Amino acid sequence: MPQSIAFVIMVLITVFSVGLSIIYDRKELAILAIIGGFASPFMVSTGSGNYQVLFSYIAILNIGMIVLSYFKRWNAINVISFVFTIILYAGWLIKTFNYDEEPLPYIGALVFATVFYLLFFAMNIVNNIKENKSFVMFQLSILVSNTFLYYSAGMFILKGIHGGLYQGLFTILIAAFNFIFAYLLYRNKKVDSNLVYLLIGLVLTFVTLSAPIQLEGNYITLFWSAEAVLLLWLSQKSGIKLMKVGSLIITVLMVISLLLDWSKAYSTYDGILPLFIN
């Protein structure tokens, strides 16, 4: 049968399998469905290398797993989906971008990476938030891995667009996403504080990384000094100690950067520096 019909049938089978696993409350059915779901594209492949169809199907498959995660706290399902998706996407990304042939699918690669990042972000928090349950270290580790794998893929893709001009902006956008989500969860007092602190830690990490990625020289020092003051003010207003710790760490980085700036300015400068505003 045509690939389009096979694609529709695969989606229907996935929906049916997820429904069965929920009705019968059997994790085994769900595991069988997800493994079969990821194997299906290879069974109906025509060898055309249509990544849009493949990744669209995988996204639909993972949406089904989000529905499953909403009703059931089966961490094994999340891990299997996560691992299979990483293997398929990373394999395609490395194979495609190792060739110098243009045009490379920069936009498509970044769009699907973003879709997968958002899906796994939702998949790993939806049940805990619904049931007001605490996050275990394993779940938090998956969230961190998801974020940094997405960041690595994004930086790898953006490196080929205008010489990496948008890498700093990409870093800031990840920080902004985590900040918005952390703020919304912080307002909900029932949510596990470990998740809020993890998201705040990710925000601090990516905001701090954005300076050396996008800026140069003394602008990094200026950025970090402003960030340290802002974090200290936020910690006093919110009472979150993690922000105060982050402020201290950023201050240390700022001082090191300042010393490097001074060393470069005063040891290598041949002319006469002005006494003030230099």
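Residues numbered from 1 in each chain as written. Predicted model: local features only at pLDDT ≥ 70, side-chain atom pairs only at ≥ 80, totals over all residues. Heavy atoms only, no water.

Visitor: Before we move on, could you go through helix H4 (residues 75-97) and cite the residues and values that matter?
Guide: With 23 residues, H4 extends 32 Å from end C-alpha to end C-alpha; this agrees with the ideal 33 Å at 1.5 Å per step. Every buried residue of H4 is accounted for by Ile 77, Asn 78, Ile 80, Ser 81, Phe 82, Thr 85, Leu 88, Tyr 89, Trp 92, Leu 93, Thr 96 and Phe 97. Where H4 is buried, its residues meet helix H2 (27-43), helix H3 (51-71), helix H5 (106-123) and helix H7 (137-158). (Helix = DSSP H or I, 4+ residues; strand = E, 2+ residues; numbered from the N terminus. Expected span 1.5 Å × (residues − 1). Buried < 20%, exposed > 50% of the residue type's maximum accessible area, 1.4 Å probe, protein only. Contact = heavy atoms within 4.5 Å.)

Visitor: Talk me through the pattern of salt bridges; I want residue IDs and the actual numbers.
Guide: If you walk through the whole model with that rule in mind, you get one salt bridge. Across the salt bridge formed by Glu 28 and Arg 26, the nearest N and O atoms sit 3.5 Å from each other. Using a relative accessible area of 48% as the deciding quantity, one classes Glu 28 as partly exposed. On the accessibility criterion, Arg 26 (43% relative accessible area) is partly exposed. (Salt bridge = Lys/Arg side-chain N within 4 Å of Asp/Glu carboxyl O.)

Visitor: Residues and numbers for helix H1 (residues 3-24), please.
Guide: In an α-helix, one full turn covers 3.6 residues, which means residues spaced three or four apart are oriented alike. In a regular helix each residue adds 1.5 Å, so 22 residues correspond to 32 Å; H1 covers 31 Å between its end C-alpha atoms and thus fits that length. Inspection of H1 places Ala 6, Phe 7, Met 10, Val 11, Thr 14, Ser 17, Val 18 and Ser 21 among the buried residues, and these make up the whole buried set. The buried residues of H1 all sit within an arc of 145° when viewed along its axis, so they share a single face. Facing away from the buried side of H1, by more than 90 degrees, are the exposed residues Leu 12, Val 15, Phe 16, Ile 23 and Tyr 24. Phi turns positive, to about 55°, at Asp 25, one or two residues after H1. (Arc of directions from axis to C-beta.)

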